[in-house]
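# Survey of secondary and tertiary structure
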Amino acid sequence: MNSPNQPHPHSTFNVQRSTFDVPNSSFSSSPPLPPAVSCASIHKSFGTGEARVEVLRGIDFTAAMGDMTFLVGPSGCGKTTLISVIAGLLDATSGTVELFGTEVASLSSRDRILFRRKNLGFVFQQYNLLPSLSAAENAAVPLLAAGVPRSTALERAAHLLDRLGLGSRTKALPKILSGGQQQRVALARALVHEPRLVICDEPTAALDAESGHSVMELLSQTAVHPDRAVIVVSHDNRVFHFADRLAFMNDGTITKTESQTALQEK
Ligand SMILES: Nc1ncnc2c1ncn2[C@@H]1O[C@H](COP(=O)(O)OP(=O)(O)OP(=O)(O)O)[C@@H](O)[C@H]1O
Ligand SMILES: [Mg+2]
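Owing to the predicted nature of the structure, the values given are computational and were not obtained by experimental measurement. (Residues numbered from 1 in each chain as written. Chains lettered and ligands numbered in written order. Predicted model: local features only at pLDDT ≥ 70, side-chain atom pairs only at ≥ 80, totals over all residues.)

## What to know about the site of ligand 1
Neighbouring ligand 1 are the residues F46, G47, V53, V55, S75, G76, C77, G78, K79, T80, T81 and Q125. Residue assignment for the shell around ligand 1 shows that the elements contributing at least two residues are strand 2 (53-63) and helix 2 (79-87). For the shell around ligand 1, the element with the most residues is helix 2, which contributes three residues. (Near = placed C-beta within 6 Å. Helix = DSSP H or I, 4+ residues; strand = E, 2+ residues; numbered from the N terminus.)

Listed below in structure tokens is the structure:
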């Protein structure tokens, strides 16, 4: 999976990594940071009676701060369902989800919305762009929702789109963009407000190798931060070397998790 000639993508961030290690080190008096995501015994069923399908069957999953955690597994095993539960887009049938040490479900509905709006960026498998808004307006939505003035929000969104190779498409409506371009607009929308947790469902599926690589580099830089994390669902083994940790999923359960280092040693 990992080419021996391919440096780990975080290697250019070693200085920050060693600094970031300090809060959890035994020499530090600070308490250890909670994981960005901690799921315990998550079950999720759809339907009732004979039509009931249990899609998540007792998931324990953590994503550490500063890490890019990949979630991989065959089609239909429950990856999108799990990240939707983590993001609060779906309610679990049972089990708990903590984000940065907070059990979001225990907050009032207003605080839950504010918590998610501030801390979470989500890239949907089907992009879910608003069809009547331009690329820059779509990407600016989280800033506009947070009350950032429109001109500033659009400027920041356009800047991010430019970094993603879409500088000339900021005024285009989604329907005239290719799938890969829409995917990058969706990514810009997930990153523009600099959330602590970014969750991406197949962020490189519609991209050529070069665009896929630059998207993963941007995500990787986002993850390399002491109180942030990125979770990526991916089938795309061209980008697996970006993962700090991989969680393997099958038929509604996590079958194993491996660090990149452990995988490289195999
Ligand atoms: N709203 C729903 N109602 C009923 N079944 C559902 C619903 N959403 C998902 N499922 C079922 O849950 C299972 C897991 O779906 P999910 O979308 O989480 O899989 P996935 O691992 O993301 O697959 P893929 O890699 O193809 O995107 C599938 O069998 C799917 O049909
Ligand atoms: Mg899916």
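Moving on from the coordinates now.
## As for the nonpolar core
One finds V37, A139, A157, L161 and A188 to be the most contacted residues of the largest nonpolar core, which totals 69 residues. A per-element tally of this core places helix 6 (residues 179-191) first, with six residues. Not counting residues within four places of it along the chain, the set of residues in contact with L161 comprises A135, A136, A139, L166, G167, T170, V185 and A188. (Core = buried A, V, L, I, M, F, W, Y, C linked by C-beta atoms within 7 Å. Buried ≥ 20, exposed ≤ 12 C-beta atoms within 10 Å, placed from the backbone. Contact = placed C-beta atoms within 7 Å.)

## A closer look at the sheet that holds strand 4 (residues 94-99)
If you trace the four strands from one edge of the open sheet to the other, you get 2-1-4-5, paired in antiparallel fashion. Lying at the two open borders of the sheet, with one neighbouring strand each, are strand 2 and strand 5 (102-103). As judged from the five bridges shared by strand 1 (residues 37-46) and strand 4, these two strands associate in the antiparallel manner. Of the residues in strand 4, the one forming a bridge with H43 is S94. (Pairing = 2+ DSSP bridges.)

## Details of the environment of L246
Mapped onto the secondary structure, L246 falls in strand 9 (residues 245-250). In this structure the C-alpha to C-alpha distance between L246 and F70, which are 176 residues apart in sequence, comes to 4.6 Å. Those residues in contact with L246, other than ones at most four positions away along the chain, are F70, V72, F240, T257, E258 and L263.

Structural measurements only, silent on function.
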